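Spelled out from the first residue to the last, the chains are:
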Amino acid sequence: MGEVNTFIQSVPLNYFIILSSVLFSLGVVGVLLRKNAIIILGCVELMLNSVNLLLAAFSSYNGDGHGQILVFFIMVVAAAEVAVGLAIIAMLYRNTKSVDVSIFNKLRG
């Protein structure tokens, strides 16, 4: 276990911050620009995983497991979000025969 922390700590923390920022930015751009509901759901997952990467890196650099426990709970919430999101998308596809989010504004009253 100590060898893993030493290996992770050999990579500068700035690299983790830059990588996580790039991944999060790609996720935000994907959510804002894409119209396919499945791709939007994937971009939200990308944003959650970038936060998980940063939490795990900070936890490793601090030498405690609190951040990694939080990562576990975020992964559980992300799995539930995917299950509910895909169920909603499947139901909407069954009714509209499309996963384009621009047609979902017609669902109002």
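Criteria and thresholds
- Throughout this document, residue positions are counted from 1 along each chain, in the order its sequence is written.
- Two thresholds apply to this predicted model, a pLDDT of at least 70 for residue-level local features and 80 or more for giving and counting side-chain atom pairs, whereas whole-chain, interface and lining totals are computed over all residues.
- To obtain the side-chain values, all non-hydrogen atoms of the structure were included, while hydrogens and water were left out.
- UniProt positions are given in the numbering used here, feature names are shortened, and annotations may be inferred rather than shown by experiment.
- Each helix is a run of H or I in the DSSP string that is no shorter than four residues. Each strand is a run of E no shorter than two, and both are numbered from the N terminus.
- Axis lines are fitted to C-alpha atoms, over the contacting stretch for helices. Their N-to-C directions set the angle, which ranges from 0 to 180 degrees.
- To sort the angles, those under 35 degrees are grouped as roughly parallel, those over 145 as roughly antiparallel, those from 65 to 115 as roughly perpendicular, and the leftovers as oblique.
- Crossing handedness follows the turn of the near helix against the far one: under a right angle anticlockwise gives a left-handed crossing, and clockwise gives a right-handed one.
- Only heavy atoms enter the contact rule, under which two residues are in contact if any of them lie within 4.5 Å.
- Three classes are used: nonpolar for Ala, Val, Leu, Ile, Met, Phe, Trp, Tyr, Cys and Pro, charged for Asp, Glu, Lys and Arg, and polar for all others, with Gly counted as polar.

- The chain is annotated in an unreviewed UniProt entry as NADH-quinone oxidoreductase subunit K from Planobacterium oryzisoli.
- We quote the UniProt Catalytic activity (unreviewed entry) comment for the chain here in full: "a quinone + NADH + 5 H(+)(in) = a quinol + NAD(+) + 4 H(+)(out)".

1. Considering the UniProt feature "transmembrane region" (unreviewed entry) in the chain
- According to UniProt, the feature "transmembrane region" (unreviewed entry) maps to residues 12–33, 38–58 and 70–93 in the numbering used here.
- Measuring from the first to the last C-alpha atom of residues 38–58 gives 31 Å, for a span that is 100% helix and 0% strand.
- Here residues 70–93 runs as 100% helix and 0% strand, with 34 Å between its end C-alpha atoms.

2. Some words on the packing of helix α2 (residues 13–33) against helix α3 (residues 37–62)
- Here α2 crosses α3 at 165 degrees, and the two axes come no closer than 8 Å. Classified by the interaxial angle, the pair formed by α2 and α3 is roughly antiparallel. As for how α2 packs across α3, the hand of that crossing is left-handed. Contacts between α2 and α3 pair L13, F16, I17, L19, S20, L23, F24, L26, G27, V28, G30 and V31 from the former with I40, C43, V44, L46, M47, S50, V51, L53, L54, A57, F58 and Y61 from the latter.
- For the contact of α2 with α3, the residue count by class is 20 nonpolar, four polar and no charged.

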